[in-house]
Amino acid sequence: MKKFIGTIFFCVVLSFSCSFAIAESLLENIEKKHKQMLYPTVLVSLEQGAGSGTVIFSNKVDGIIVSLVLTNYHVIENNVSVEQEWDSAKEKKVDVERRRPVDVEVFEYNNYSELIGTIGREADIVAYDEKRDLALLKITDTERLMPFVAKLYPEKKDTGPWIFSDVFAVGAGLGKPPFPTSGFLAGFSKDINGNPLWLASAPIIFGNSGGSLFVYSQRNQYELIGVPSMVSSYGWGTAVPHMAWARPITEIRLFLRKNGFGYVLGDIKKKETKNASR
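What comes next is a walk through the structure. Keep in mind it's a predicted model, so treat the numbers as computed, not measured.

## Side note on the overall build of the protein
Then, number 1: Along its length, the protein carries three helices and 15 strands.
Then, number 2: Counting across all 278 residues of the protein, residues that qualify as buried make up 45%.
Then, number 3: Taking as baseline every contact in the protein between residues at least 6 positions apart, the subset at least 24 positions apart corresponds to 57%.
Then, number 4: Entry remark: accessible area of the protein is about 15600 Å², with carbon and sulfur atoms responsible for 56%.

Quick look at the structure:
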C-alpha cells in the first residue's frame, strides 16, 4: 500500500514538473517570437504612403552608431527623384538625383504584446535597387543602439529553407502596428526581370511591403529569409493575400554586398558607398 501511495505521489509530482516545464518552454518561445520577429519590425512613413521595414543591423561604424533598416524600393520610391539642373562647368543640364529622408517608427511594448507607444526616427535612403525592389535606410545616433535586430538566415550553414517550412510574415499592414501571420514556404519562382521570388502562404496586405518573412531555423532562432513585396491577383486586380511573394535572402545578400554593406553579413567591413548604385 505504501509503495502504491508513493508511486501515486511520484506521478503527481512528475506531472506537475512536466506541466511547469511545458509552460516555461511556451513562455520562452513567446518571448523569442516577440524579440526576434515582432520588435525589429518598424513602420516606414512618407508624405504619401507607408510600408514596413526591418532593423537588420545596429552597431558602431566609424565612431557613430549606425542602424540599418531593410525595406522595399517601392515603399520609398516617392522620396527618390531625378531632376535636371544646369551645370556651369559642363555648360549643359545634367541629371541630379535627390533622396529625401523618410520617417521610421519603432514600436515599444509592455508585457511582450501591449503596445505603449512609438519612437520616431529620421532615416536616410542609402541604397536601393529598383529591379530587385529592395532599399536600405540608415539611422544614425551618438548614444543609442536599436534594442532589437533581426537575424538574417546565414550562408552555407544548411541547405534550407525548404517548401513546407513554417514561416511568419511580420509587417505594418494598412499602416497598423506590426502584426504576424503564419503559413508555409510554398514555392520558388522569378519575376519579369529574372530575379528570384519566394512564395509563402502567410497572408499579407497593403502596408506589409518591406516587412519580413521569418523561419525557425536549425539554430533554434527565428531568422529572416525574405522581404514580402507583393501578392498574387486575378481578374480585375483582386488580391490573393495567402499567395504572397517575397524577395529572398539570396537577393538580400547580393543587394547588401553590391552597395558596400557586406559587413552586415559578417564580411570584412568596407567603407560605405556614399552614392550607392541603384
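Still to come is the rest of the account.
## Some points on the pattern of salt bridges
Then, number 1: The final tally for this structure, using the stated rule, is 13 salt bridges.
Then, number 2: Note that Arg247 is salt-bridged to Asp191, the shortest N-O span being 2.6 Å. Of this pair, Arg247 sits in strand β15 (residues 238-248) while Asp191 is found in the loop between β11 (179-190) and β12 (196-200), placing the two residues 56 residues apart along the sequence.
Then, number 3: Judged by relative accessible area, which is 15%, Asp191 ranks as buried.

## Side note on the nonpolar core
Then, number 1: Judged by nonpolar contacts, the single largest core of 45 residues is most densely connected at Ile56, Leu68, Leu136, Leu256, Phe261 and Val264.
Then, number 2: Val69, Ile76, Ile125 and Ala135 belong to the second-largest nonpolar core, a separate cluster that totals 19 residues.

Rules behind the numbers
Every chain begins its residue count from 1, and numbering advances along the sequence as written. Confidence filtering applies because this is a predicted model: local features only for residues at pLDDT of at least 70, side-chain atom pairs given and counted only at 80 or more, and all residues used for totals across whole chains, interfaces and linings. Processing note: side-chain calculations cover all non-hydrogen atoms of the structure and skip hydrogens and water entirely. A run of DSSP states H or I qualifies as a helix once it reaches four residues; a run of E qualifies as a strand once it reaches two. Both are numbered from the N-terminal end. Only protein chains enter the calculation, and the probe is 1.4 Å; a residue is then buried if its accessible area is under 20% of its type maximum, exposed if over 50%, and partly exposed in between. A contact between two residues is defined here by any heavy atoms of the two lying within 4.5 Å. Computed with the Shrake-Rupley method and a 1.4 Å probe, the accessible areas treat only the protein chains shown as cover for residues. In what follows, salt bridge is the name for a side-chain nitrogen of Lys or Arg lying within 4 Å of a carboxyl oxygen of Asp or Glu. Definition of nonpolar core: a set of buried residues of the types Ala, Val, Leu, Ile, Met, Phe, Trp, Tyr and Cys, connected through side-chain atoms within 4.5 Å.

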